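Residues per chain are reported as follows:
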Amino acid sequence: MNKNRYHSLNAFFRNTFGEKVYKVSIAGGFTCPTRDGSKGTEGCVFCNPEGSEPKHYKPGMTVTQQLELATEYVRERHETDNFLAYFQDYTTTYKDVKSLEIMYREALNFPGIRGLSLCTRPDSISDDVMDLLKDLSQETFVWVELGVQSSCDLTLLRMNRGHTVYDSEKAFEKLHNRGIRTAAHVILGFPGESKQETLATAEFVNKSGTAGVKLQNLHIIKNTKLAELHKNNEFDLISRSEYAELAADFIQRIRPEVVIQRVTGEAPPRMLVAPEWAINKLAVMNRVRRELMYRDSWQGKDLGYTMEDIPFIQKSSIL
Ligand code: SF4
């Protein structure tokens, strides 16, 4: 029996690569359109980009230097030589295509790297970059994570995202037409967003045809606009139980083949303002798993799927 009751990233990696693969975070010195002035300078309301910088990163480090540090730790801890290079700072497709190709290939040439995982915005992948990702996808494993966040335009506006739901739709369409594997990053618990609106994002994820979804509970990080609003008591945060219920409702509405890459996010404790419960990621994950178990529910149940429709860990099937 799958204790997760959903299609986990671990199951996906084992079924795809025949063994466990570890994501190692690296930074490429990127920026994003809501910070560099092209769409604004203040960034998204919830974002302090320091929060997504890899621990070992110092400005000026090359991709290889970062991978040496990041893989050494994981290699020793898990006795593995299987990694995905995860570019995660700001918008990791937001550079000219030549610089990106050099950077991505530097990562792919590092020993033990089995592929790329790229974190980006739906409005920040040019056609040239999409074509590069298409070529890379034919050579190796590539997974592009789009920061969809919500399928409610009003929420995106309130969060100062600087893109629309239509931008997400188009980005998925263009990436999928090129055969590029994608995932949707979604935040649950936005102020002013109703439960119905949040669950409509699950429907959007299904319709988009994406291969993965990454859930995150709304965190309040120091030095953000959201932290100011929170200080002025302008909205309430959901509790851990409410989050677990919402995440379970969401997962029940997601098609079983979609990989649930993550059921909750994590913020560095030194940067977290609230909610306090978000510090313990494992406890939140377990609470979501238990919620599904108590309900005797699973991924896709609301769409009529059974537990057997969820791809659990199979015997090795290599990419
Ligand atoms: S969430 Fe992403 S797009 Fe928004 S400000 Fe932060 S780095 Fe930029």
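Up top is the structure.
K.L.:
How should I be thinking about the pattern of salt bridges in this particular structure?
P.N.:
Proximity of charged atoms lets side chains of opposite charge pair with each other. Overall, the coordinates contain 22 salt bridges when judged by the stated rule. Ionic pairing is found between R270 and E50, a salt bridge with its closest N-O pair at 3.7 Å. With a gap of 220 residues between them, R270 in the loop between β8 (259-262) and β9 (272-274) and E50 in the loop between β1 (22-26) and α2 (63-78) connect regions that are remote in the sequence. Residue R270 is classed as exposed on the basis of its relative accessible area of 55%. Among the residues examined, E50 registers a relative accessible area of 42% and is labelled partly exposed.

K.L.:
Looking at this structure, I do not really get the nonpolar core. What am I missing?
P.N.:
One recurring pattern in soluble globular proteins: nonpolar side chains tend to sit buried together. By size, the foremost hydrophobic cluster in this structure holds 67 residues, and its most contacted members are F87, Y104, L133, V144, L215 and F250. At seven residues, helix α9 (residues 240-252) tops the list of elements feeding residues into this core. The contact partners of L215, leaving out residues within four places of it in the chain, are V186, L188, Y243, A247, F250, I251, R262, V263, T264 and G265. Counting eleven residues, the second largest nonpolar core, distinct from the first, contains V45, I220, L226 and F235.

K.L.:
Sorry if this is basic, but what is going on with the packing of helix α4 (residues 127-139) against helix α6 (residues 165-177) here?
P.N.:
Angle between the axes and distance between the axes are the two parameters that describe a pair of packed helices. Two numbers describe how α4 lies on α6: the axes approach to 9 Å, and their chain directions differ by 40°. In terms of axis orientation, α4 runs oblique to α6. Our pair here, α4 against α6, has a crossing hand that is right-handed. Each of D127, M130 and L133 in α4 lies in contact with α6, whose residues at this interface are A171, K174 and L175.

Conventions adopted
As a convention, each chain's residues are numbered from 1 in the sequence order in which they are written. Only residues with pLDDT of 70 or above have their local features reported here, since the model is predicted, and side-chain atom pairs are shown and tallied only from 80 upward, although totals for entire chains, interfaces and linings are computed over all residues. Side-chain metrics in this entry use all non-hydrogen atoms of the structure; hydrogen atoms and water are not considered. We define a salt bridge as a contact between a side-chain nitrogen of Lys or Arg and a carboxyl oxygen of Asp or Glu at a distance within 4 Å. Each helix corresponds to a stretch of at least 4 residues labelled H or I by DSSP, and each strand to a stretch of at least 2 residues labelled E; elements are numbered beginning at the N terminus. Burial classification: accessible surface area is computed with a 1.4 Å probe over protein chains only, and a residue below 20% of its type maximum counts as buried, one above 50% as exposed, and the rest as partly exposed. What we call a nonpolar core is a set of buried Ala, Val, Leu, Ile, Met, Phe, Trp, Tyr and Cys residues that are connected through their side-chain atoms within 4.5 Å. The contact rule is simple, with two residues in contact once any of their heavy atoms fall within 4.5 Å. The angle between two axes is taken between their N-to-C directions and runs from 0 to 180 degrees, where each axis is a line fitted to C-alpha atoms and a helix contributes only its stretch in contact. For this classification, under 35 degrees means roughly parallel, over 145 means roughly antiparallel, 65 to 115 means roughly perpendicular, and everything else is oblique. Each crossing gets its handedness from the near helix: less than a right angle anticlockwise from the far helix is left-handed, clockwise is right-handed.

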